[in-house]
Number of protein chains: 2
Amino acid sequence: MNAVILSIGTELVRGLRLDTHAADIARAVTALGVDVIRHETVDDDDGAIAAAVCRAAAEADVVIATGGLGPTADDCTRHGLAEAMGARLVAHPDAVAHLDAWAAARGKRISESNRVQTLLPDGAEPLPNPIGTAVGIAVRLGEAQVFCLPGVPGEMRAMLQESVLPRLENAAPGRVTRVRTVRTFGLPESELGERLADLMAAGRPTRLGTACHTGVIDVHVHASGPADEVDRLLGADAAAVRERLGDAVFGEGEETMASAVADALRAAGATLALAESCTGGLVAAKLVAVPGMSDHLLEAVVAYANASKVDALGVPESLIAAHGAVSEPVVRAMAEGARRRTGASLAVAVTGIAGPGGGSPEKPVGTVWFALADANGTDAVCERFPGDRALVRERAALYALNMVRLRLRARAIGECQ
Amino acid sequence: MNAVILSIGTELVRGLRLDTHAADIARAVTALGVDVIRHETVDDDDGAIAAAVCRAAAEADVVIATGGLGPTADDCTRHGLAEAMGARLVAHPDAVAHLDAWAAARGKRISESNRVQTLLPDGAEPLPNPIGTAVGIAVRLGEAQVFCLPGVPGEMRAMLQESVLPRLENAAPGRVTRVRTVRTFGLPESELGERLADLMAAGRPTRLGTACHTGVIDVHVHASGPADEVDRLLGADAAAVRERLGDAVFGEGEETMASAVADALRAAGATLALAESCTGGLVAAKLVAVPGMSDHLLEAVVAYANASKVDALGVPESLIAAHGAVSEPVVRAMAEGARRRTGASLAVAVTGIAGPGGGSPEKPVGTVWFALADANGTDAVCERFPGDRALVRERAALYALNMVRLRLRARAIGECQ
């Protein structure tokens, strides 16, 4: 069984609002073993909606649409659906009863504009809305089942769970589709692709795909079939991916670089101090996004101005004068200063040129120095990141966290030997 | 001139990653007077891509696709495009030169798998990629111009700006569609809606819509027609919106709360210090996202652990013991400590309970104390924010920045009188 997901709304088509419903629905139906073929986003326009519904119904077994069921003039999903069916809109007694009950329960008057929400294409089935005034609409169009849900997030989610997913549960009896995601940082995509080439080859029972975002590359392993078999295939492939990619792998699924570092700090009973210049608090903010870090993240100093590097971190002014704020001696002094002032077991410092200004031939925009100080001494490394200010800062923050992760990992392995 | 936007990637179709590119592109081309008809999201599959490209090219003047140009086996946009054109893939000399230059500049080896990125459908034009290895692809298919860009966000954005938008600038001679966005913080949506009710009524030459996200409410004013007329209408409505919403308005268009604060700091020649607990560096990171803040943001201390509040900010341990870290006396002492240690003209402190743990009946999750210290003394305020940890922290960071904005605004008005 396959599906097409439709999102209806001018604000979506014009990019004024981000569509999160299509992704939520896609995950929910994929988990039931339904193959999502594609998504489509169309305007609040009768003709555009009718065309999209017809196109989707001709291609898929299931069509799930959201949006355009409200009471205002720009809501016209019911009209578009009626046009697609060649049906007229008629007041449905269950929809009328729902609206009256909704108003009665709240002591509200039903406005004339709300009445449009009782109109369904002739022959359609209303889907109960446990929260708001807009009932959903289920129809059969050719061979396809079509479900229209309101775009209001809480209503959409409740109705998807209560009225749509149960009808798809026997969509693929004995068959599920599952995805397992292995998350990596630091390997170039081309090298990652080469290490996984045989696993990505066509004709295998799993399908592997990669997705990059700001230095993180996710490897998604997909499989469909009986649940036991799927879990066995995903487990085997995930293990193979982890083994091939080694310490570039920082986690799976919902784990983030920050949660991986948090876990490693907890496991090691280690404490961390941060000295951030160009990242400006981003490294700390990512770690604090993980609950319960206050025993491990002792302090972060955002020493963005040079005076703060001197006063708060004890970086000698002469070092900054001689080498510049973005330099190996300064980043080392920042890390050591942060460790000294807090007594943390580990300290990491970041200083770089995030752009757009401040670059030079020797230190172009994207140049970032990192240092990690611990009881064994201080390591420093320079990286050059591509992209704009936001991208350089994001990459640098992830890189700094990854340094902590790799150091704690090396220590843990060392301790086991 | 109209456009269809395609997003290519199995991870998008299955909802594993949220598609933000389609919305970004939609806003950018709408601003040029291009009517976006619809978006479509399809699988990493030659046939699916070819079908979507053909469908879009038959319907629209411009097709803009993102994703599937990477070096791994699941990247097959170039194959799908070639199939749609009935063309074969050939190495393009400009793409080969780009890849060689990219590698030479970085002292890197080009892997065999990267070489696939030099293959373009016969007759296609490569679009330069200023950041990564994947050139974009421009082709004409029937009457339509088709542009394929990589899915890596920084690369996509740069190439859209540099290679695609300039070609669409004469898209709709004599007619433009423009959206002017007035950005607000702090007013409830219902009150905002009441203040703007007459401007949002049907039948006016402009169309107003609102969009909320983490405390910010944007008011979008749309108009289409000759440029002069559109600008006059938008100017009049934006002025009316600003007047009705007063100091809740922090900017327009691409301005952010942080850029508004940065502008106000520059205009006032003021300096700022930050003391952050639950926001964990988020306030600083937002400000550092604005280039050139090092003369104004003197320092931020992420005093997440209590010891850091004592040692770095001079908060008396007895205050924390008596009132708790999330309390008015502590937040005042944090702000005053940050100001004292840096000599900044303004200091802001934030301490709160972001959740999921740590709440109590008196101080539930979402409770956040703020203080602002300057030469006139220290003000403190407590807010209670809804939502999960991420939402509470984001709201709190914006709230802290907004305090700085309002204080500098009040001073500027005071000085004018």
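Residues numbered from 1 in each chain as written. Chains lettered and ligands numbered in written order. Predicted model: local features only at pLDDT ≥ 70, side-chain atom pairs only at ≥ 80, totals over all residues.

A. Layout of the overall build of chain A. Counting secondary structure elements, chain A contains 16 helices and 17 strands. Taken over the C-alpha trace, chain A has a radius of gyration of 28 Å; the compact-globule value for 417 residues is 22 Å, which it surpasses by more than 25%. With respect to the principal axes defined by its C-alpha atoms, chain A has extents near 80 × 50 × 40 Å. Look at the contacts in chain A between residues 6 or more apart in sequence, and 66% of them connect residues 24 or more apart. (Helix = DSSP H or I, 4+ residues; strand = E, 2+ residues; numbered from the N terminus. Rg over C-alpha atoms; globule rule 2.2 N^0.38 Å. Contact = placed C-beta atoms within 7 Å.)

B. Local environment of the sheet that holds strand β16 (residues 367–374) of chain B. Reading across the sheet, the 10 strands line up as β17(A)-β16(A)-β15(A)-β13(A)-β14(A)-β14(B)-β13(B)-β15(B)-β16(B)-β17(B) and stay open at both edges, with mixed pairing between neighbours. Only two strands of the sheet have a single neighbouring strand rather than two, namely β17 (377–384) of chain A together with β17 (377–384) of chain B. Adjacent strand axes in the sheet meet at a mean angle of 10°, parallel and antiparallel pairs treated alike. (Pairing = 2+ DSSP bridges. Axes fitted to C-alpha atoms, helices over the stretch in contact; angles between N-to-C directions.)

C. View of the interface of chain A and chain B. Contacts between the two partners involve 69 residues from chain A, matched on the other side by 69 residues from chain B. Residue composition of the side of chain A that touches chain B, by class: 38 nonpolar, 18 polar and 13 charged. For strand β14 (residues 297–302) of chain A and strand β14 (residues 297–302) of chain B, the ladder comprises 3 bridges, and the chain directions are antiparallel. Bridge pairing in β14 of chain B links Val 302 of chain A to Ala 300 of chain B. (Nonpolar A, V, L, I, M, F, W, Y, C, P; charged D, E, K, R; others polar.)

D. Fine view of the sheet that holds strand β2 (residues 35–42) of chain B. Spatial ordering of the open sheet is given by β6(A)-β7(A)-β8(A)-β3(A)-β1(A)-β2(A)-β2(B)-β1(B)-β3(B)-β8(B)-β7(B)-β6(B), a layout of 12 strands whose pairing is mixed. Each end of this open sheet is capped by a strand with a single partner; those strands are β6 (125–127) of chain A together with β6 (125–127) of chain B. The average undirected angle you get between the axes of adjacent strands in this sheet is 20°. Here strand β1 (residues 2–8) of chain B runs beside β2 of chain B; their pairing, made up of 7 bridges, is parallel. Note that in β2 of chain B the partner of Ile 8 of chain B across the bridge is Val 42 of chain B. Across the sheet, helix α4 (residues 77–85) of chain A touches β1 (2–8), β3 (62–66), β7 (136–141) and β8 (144–149) of chain A, and the angle it forms with β7 of chain A is around 15°. Strands in contact with helix α2 (residues 21–30) of chain B are β1, β2 and β3 (62–66) of chain B; relative to β1 of chain B, the strand with the most contacts, it is inclined by about 160°.

E. Region of interest: the nonpolar core. Counting residues in hydrophobic clusters, the biggest one holds 273 residues, and the most contacted among them are Val 63 and Met 334 of chain A together with Val 63 and Met 334 of chain B. No other element matches helix α16 (residues 389–416) of chain A, which puts 10 residues into this core. Among all residues touching Val 63 of chain B, those that are not within four sequence positions of it are Val 4, Leu 6, Val 53, Ala 56, Ala 57, Ala 144 and Val 146 of chain B. (Core = buried A, V, L, I, M, F, W, Y, C linked by C-beta atoms within 7 Å. Buried ≥ 20, exposed ≤ 12 C-beta atoms within 10 Å, placed from the backbone.)

F. Geometry of helix α3 (residues 46–59) of chain B. All names here are of chain B. Between its terminal C-alpha atoms α3 stretches 20 Å, which fits the 20 Å expected from 14 residues at 1.5 Å a residue. Along α3, the positions that sit buried rather than exposed are Ile 49, Ala 50, Ala 52, Val 53, Ala 56 and Ala 57. Buried positions in α3, seen along its axis, are confined to an arc of 165° and lie on one side of it. Check the buried side of α3 and you find it contacts β1, β2, β3, α4 (77–85), β7 (136–141) and β8 (144–149). (Expected span 1.5 Å × (residues − 1). Arc of directions from axis to C-beta.)

G. Looking closely at unusual backbone geometry. Cis rather than trans, the peptide bond between Gly 355 of chain A and Pro 356 of chain A has omega equal to 0°. Structurally, Pro 356 of chain A is set in the loop between β15 (346–352) and β16 (367–374).

H. Examining the pairing of β7 of chain A more closely. Residue and element names in this part refer to chain A. Examined bridge by bridge, β6 and β7 share 3 bridges and lie antiparallel to one another. Residue pairing in the sheet places Pro 126 in a bridge with Ile 137 of β7. Two strands pair when backbone bridges link them, and β7 and β8 are joined in this way by 5 bridges, in the antiparallel orientation. When the bridges of β8 are listed, Ile 137 appears paired with Cys 148.

I. Broad picture of the packing of α3 of chain B against α4 of chain B. Residues and elements named next belong to chain B. α4 packs onto α3 with a crossing angle of 55° between their chain directions and a minimal axis gap of 7 Å. For the element pair α3 / α4, the angle class is oblique. As α3 packs across α4, the resulting crossing turns out to be right-handed. Taken together, the residues of α4 that come into contact with α3 (itself represented by Asp 46, Ile 49, Ala 50, Val 53 and Cys 54) are Thr 77, His 79, Gly 80, Leu 81, Glu 83 and Ala 84. (Parallel < 35°, antiparallel > 145°, perpendicular 65-115°, else oblique. Left-handed = near helix turned anticlockwise from the far one by under 90°.)

J. A look at the environment of Ser 224 of chain A. All names here are of chain A. Secondary-structure assignment places Ser 224 in strand β11 (residues 216–225). Taking the C-beta count within 10 Å as the criterion, Ser 224 has 18 such neighbours and is therefore assigned partly exposed. Along the chain, Ser 224 and Thr 30 lie 194 residues apart, while their C-alpha atoms are 9.6 Å from each other.

K. Molecular detail of helix α5 (residues 93–106) of chain B. Residue and element names in this part refer to chain B. With 14 residues, α5 extends 20 Å between its outermost C-alpha atoms, agreeing within 8% with the 20 Å of an ideal straight helix rising 1.5 Å per residue. What α5 keeps buried is the set Ala 95, His 98, Leu 99 and Trp 102. On an axial view of α5, the arc spanned by its buried residues comes to 95°, and they lie on one face. Turned more than 90 degrees off the buried face of α5, the exposed positions are Pro 93, Asp 100, Ala 101 and Ala 104. Of the surrounding elements, those touching the buried residues of α5 are β5 (119–121) and β6. Remark: Gly 107 follows α5 within two positions and exhibits a positive phi of approximately 60°.

L. Inspection of the pairing of strand β9 (residues 176–185) of chain A at higher detail. Residue and element names in this part refer to chain A. Of all 10 residues in β9, 7 are buried; the element is thus mostly enclosed. Summarising the sheet, β9 and β11 pair through 10 bridges and their orientation is antiparallel. The residue bridging Arg 180 from the neighbouring strand is Val 221, located in β11.

M. The arrangement of the packing of α2 of chain B against helix α6 (residues 153–168) of chain B in detail. All names here are of chain B. Two elements in contact, α2 and α6, have axes separated by 11 Å at closest approach and are oriented at 30°. As for the relative orientation of α2 and α6, their crossing is right-handed in sense. Contact residues: His 21, Ile 25, Ala 28 and Val 29 in α2; Met 156, Leu 160, Leu 165 and Leu 168 in α6. Broken down by class, the residue content of the contact of α2 with α6 amounts to 7 nonpolar, 1 polar and no charged.

N. Molecular detail of the environment of Asp 44 of chain B. Of note, Asp 44 of chain B is situated in the loop between β2 and α3. The exposure class assigned to Asp 44 of chain B is buried, which follows from the 27 C-beta atoms found within 10 Å. On a C-alpha basis, the gap between Asp 44 of chain B and Gly 68 of chain B in space is 6.7 Å, while along the polypeptide they are 24 residues apart. Aside from chain neighbours lying at most four places away, what touches Asp 44 of chain B is Gly 209 of chain A together with Ile 8, Gly 9, Thr 10, Gly 68, Asp 74, Asp 75 and Cys 76 of chain B.

O. Seen up close, the environment of Thr 342 of chain A. All names here are of chain A. Turning to its location among the elements, Thr 342 is positioned in helix α15 (residues 328–342). Assessed through the 24 C-beta atoms surrounding it within 10 Å, Thr 342 is described here as buried. Linking Thr 342 and Leu 274, residues 68 residues apart in sequence, is a C-alpha distance of 9.7 Å. Filtering out sequence-adjacent residues up to four positions away, Thr 342 remains in contact with Ala 273, Leu 298 and Glu 299.

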